Amino acid sequence: IQMEWMPYDVYARVCIFLAFMHLTHCWAYLQIGYLLQEVRAVFACAIVMLPMFVLQQVILTLDIKPGAGGLPIHRLGPFGLWFAYFAAVCEYVRWYNPLVQAIGFVLVYCAYFIHIIYTVQLLRLCRPSEEAPVIAETPGAAWWPGEWRLPSAFSHAMWFVAPPKELEPGLNDITAELRAEQRGGPVVAGGGQPTASDKRADVHRALGKQGESPAWFGVKVGLISLLIAWIWLTFGFTIEIMNQGTAHPSLLNAPGMPNNARDPRYRPAKPGKEEPTEVGTGGVTAGPAKGVHLGSMHRRLSDSAFAAAPSTEMRREIANKLRELMPQLQDMARFGALESATSSLLPAPDAAEVQWPAMFQPELLTCGAHAETALALSRHGRGALLSTPAMNVESFVLQGVAGHGTIVAASWDTKGLLLVTSTGDLLECAGSAPTAGRWACKPFAGAKLPIAGQHFKGSVAVSRAAGEVQAAVIFKGEESMTIFARSSSAWLPRAEVRTSASRSAAAAAAFSASGSALIVVAADGSVTEMQMVDGENSELAAANAGHAGHAWAGACRLASGELARLAVPVDSSSAAKFFLG
């Protein structure tokens, strides 16, 4: 009976050790997920990791005998908390950075490898030892016979009753006397000693057919399952990295979650964002709910036109129509009647006769607040001043912009020219106009505008009116525009505005001279002015689609209030066009 009970008593103590270690690991990872993903409390999460790390090291020190298993590899286990913590910090940095993302991936792999090595070491420490602990047999000391296969790494943390190695004088071994009586041999008075084979037979009879305790078998299965789980997570994370940026179903995220390496609320959408996706991997055509849509339901409206799910184009068209109705509904709520819309009757102007400088291709347009002059710029630092209405052209060159990337935005005010480059840098060109064909520019102190580096393909508007630097960013393919305000140390998002008020997507934007309004030119040439205070929109110019081969690049107001627009050629076969009105 003692041989059968003994392994369960010992491995119950081992299981308490394993439960506390993995419970603290689990709770610490839960805190990482909550404090970083939900609360964004970076330092509070670090304060939680520190006591958990110390607690696990203390438990390892108290429960595992020093020197057991060779090198103390099990000491690496608690370090997985720190690697996971710093990996999560890298994943949720304020602005997306590919280098920081790669560092986060490496830290995740380190955390996984630590847990794999740690679990293998636990298997080695918890398995039954072939030899008994070498400790003198004294009352109160941890010891058991060599025939009892128990984990010696926990010998100083286990306490139970075990028979002595040898009988002291005057003691009787009742078990040995009964065994001798059953064999028909003589009963040795004073306790005859059983042989080593007798003891080993008793042990193996209690352990079972395989010579292995069921208690150790249960612990071994649990640790091996945990090891398989960590290896699965490692391979799954590798596949996630290989498939990021694709529409491949995610293996680690919740069902139906896009295949992103981080929370999709804090990273630009990936390819496949417009595909209809249900709750479950595989989408509508291959997901777990395939075959249980309206086609297999017996509903009274199943034969109507609404039985089939609307397509993406249909949903977008419905949303645009509803968005167009919102101003009219607002007027009805205020005045009880619709305002007459006369913007569609505005005539489309013809292109002005402009003789552009040789080898000059304008791509940006800004207007001066002090003269009837517009300024056209190329992406690489060449410019032209257009005096209206005579359309006299004066070319110049911007100095000091070559090392900061291509120019993506410009604003011309009374202090000079303010530029934004593709790297997010701000440059200031002091003075009201260039001198002798040159305009010196220097970096504008402060943080960079977060526009995703050299590969930025959207449109930017910038202004420093009223003593505040602000920017409006339209990312390519997006239907909204983000307004940023520049503080002393960073750009802070102020608002997000829909740019699909018209039937055509926004192509470019520019702030008014006072910075109180935003002029948005759509891809069809129509121009809308939005007030920054209340978001009220007014149409400045109707669509002008009669210029094939050109794309609208910008619009601004001259000092007189007249509207100027710039259309650039799609290819190099024609010249840019300048419009007034």
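Just so you know, these numbers come straight off a predicted model, no measurement behind them. (Residues numbered from 1 in each chain as written. Predicted model: local features only at pLDDT ≥ 70, side-chain atom pairs only at ≥ 80, totals over all residues. Heavy atoms only, no water.)

Novice: It is not clear to me how the pattern of salt bridges should be interpreted in this structure. Could you clarify?
Specialist: It is possible for side chains of opposite charge to pair when their charged atoms get near one another. Evaluation of the coordinates by the stated rule reveals six salt bridges. Residue Arg464 is joined to Asp413 by a salt bridge in which the shortest nitrogen-to-oxygen separation is 2.8 Å. Highlighted residues: Arg464 in the loop between strand S11 (459-463) and strand S12 (470-474) and Asp413 in strand S6 (residues 407-413), separated in sequence by 51 residues. What makes Asp413 buried here is its relative accessible area of 14%. Taking the shortest distance from any N to any O, the salt bridge between Arg557 and Glu529 comes out at 3.5 Å. Residue Arg557 is found in strand S19 (residues 550-557), and its partner Glu529 is found in strand S17 (residues 527-531); the two are separated by 28 residues along the sequence. Classification of Arg557 by relative accessible area gives partly exposed; the value is 31%. For Glu529, a relative accessible area of 11% puts it in the buried group. (Salt bridge = Lys/Arg side-chain N within 4 Å of Asp/Glu carboxyl O. Helix = DSSP H or I, 4+ residues; strand = E, 2+ residues; numbered from the N terminus. Buried < 20%, exposed > 50% of the residue type's maximum accessible area, 1.4 Å probe, protein only.)

Novice: What exactly am I supposed to notice about the pairing of S12 here?
Specialist: The element S12 is largely enclosed, with a buried count of five among its five residues. Side chains Gln470, Ala472 and Ile474 of S12 all project onto a buried face; the interleaved residues Ala471 and Val473 project onto the opposite face, where all are buried too. The pairing of S11 with S12 spans five bridges and is classified as antiparallel. Bridge assignment links Val460 to a residue of S12, and that residue is Val473. When S12 meets strand S13 (residues 480-486), the two strands line up antiparallel, connected through four bridges. Paired with Val473 across the two strands is Thr482, which belongs to S13. (Pairing = 2+ DSSP bridges.)

Novice: Can you walk me through the confidence of the model for the chain in this structure?
Specialist: Interpretation of this model should avoid reading the predicted coordinates in detail wherever pLDDT is low. Residues with a pLDDT of 70 or more make up 70% of the chain, whose mean pLDDT is 75. Between residues 260-273, whose pLDDT stays under 50, and residues either more than four places distant or in other chains, the model counts 29 contacts. (pLDDT = per-residue confidence, 0-100. Contact = heavy atoms within 4.5 Å.)

Novice: Is there a simple way to think about the state of the cysteines in this case?
Specialist: Disulfide: a covalent bond formed between the sulfur atoms of two cysteine residues. Counted by the stated rule, this structure contains two disulfides. Here Cys367 connects covalently by a disulfide to Cys556, the sulfurs 1.9 Å from one another. Because the torsion about its S-S bond is 55°, the bridge between Cys367 and Cys556 counts as right-handed. Placement of the pair is Cys367 in strand S2 (residues 364-367) and Cys556 in strand S19, with a sequence separation of 189 residues. Here the two residues Cys367 and Cys556 agree in accessibility, since each one is buried. Between Cys429 and Cys441 runs a disulfide, and the two sulfur atoms are separated by 1.8 Å. One disulfide, between Cys429 and Cys441, carries an S-S torsion of 95° and so falls in the right-handed class. In this pair, Cys429 sits in strand S8 (residues 426-430) while Cys441 sits in the loop between strand S9 (438-440) and strand S10 (442-443), placing the two residues 12 residues apart along the sequence. You'll find Cys429 and Cys441 in the same group, each marked buried. (Disulfide = S-S within 2.5 Å.)

Novice: Can you walk me through helix H2 (residues 42-63) in this structure?
Specialist: Given 3.6 residues to a turn, an α-helix orients residues that are three or four positions apart in the same direction. In a regular helix each residue adds 1.5 Å, so 22 residues correspond to 32 Å; H2 covers 32 Å between its end C-alpha atoms and thus fits that length. Buried within H2 we find Cys45, Ala46, Val48, Met49, Met52, Phe53, Gln56, Gln57, Ile59, Leu60 and Asp63. Seen end-on, H2 carries its buried residues on one side only, within an arc spanning 165°. Away from its buried face by more than 90 degrees, H2 exposes Phe43, Ile47 and Leu62. (Expected span 1.5 Å × (residues − 1). Arc of directions from axis to C-beta.)

Novice: Help me understand the sheet that holds S17 in this model?
Specialist: Either a parallel or an antiparallel arrangement is found when strands of a sheet pair, and the pairing is made through backbone hydrogen bonds. As summarised here, the arrangement of the four strands in space is S15-S16-S17-S18, forming an open sheet in which the pairing is antiparallel. Unpaired on one side and paired on the other, strand S15 (506-511) and strand S18 (537-541) mark the two borders of the sheet. Taken over all neighbouring pairs, the strand axes of this sheet differ in orientation by 25° on average, direction set aside. (Axes fitted to C-alpha atoms, helices over the stretch in contact; angles between N-to-C directions.)

Novice: Sorry, what's going on with a nonpolar patch on the surface here?
Specialist: Together, Leu50, Val54, Val58 and Leu62 line one region of the surface with nonpolar side chains, adding up to about 350 Å² of accessible area. Within the secondary structure, Leu62 is located in helix H2. (Patch = residues over 30% accessible without salt bridge, like charges linked within 9 Å, V, L, I, M, F, W, Y side chains within 5 Å. Areas by Shrake-Rupley, 256 points an atom, 1.4 Å probe, with all protein chains shown as cover.)

Novice: Looking at this structure, I do not really get the side chain of Thr421. What am I missing?
Specialist: Along the chain, the position of Thr421 falls in strand S7 (residues 416-421). Judged by its relative accessible area of 0%, Thr421 falls in the buried class. Engagement of the side chain of Thr421 in a polar contact is seen with the side chain of Thr423, the distance being 3.0 Å. Apart from residues lying up to four places away in sequence, Thr421 is in contact with His404, Gly405, Thr406, Ile407, Val408, Leu427 and Ile451. (Polar contact = N/O pair within 3.5 Å; in protein donor to acceptor, adjacent residues only side chain to side chain.)

Novice: Teacher, can you tell me more about the sheet that holds S8 here?
Specialist: Pairing within the open sheet is antiparallel, and its four strands lie in the order S6-S7-S8-S10. Single-partner strands in this sheet number two, and they are S6 and S10. For S8 and S10, the ladder comprises two bridges, and the chain directions are antiparallel. Bridged to Glu428 within S10 is Lys442.

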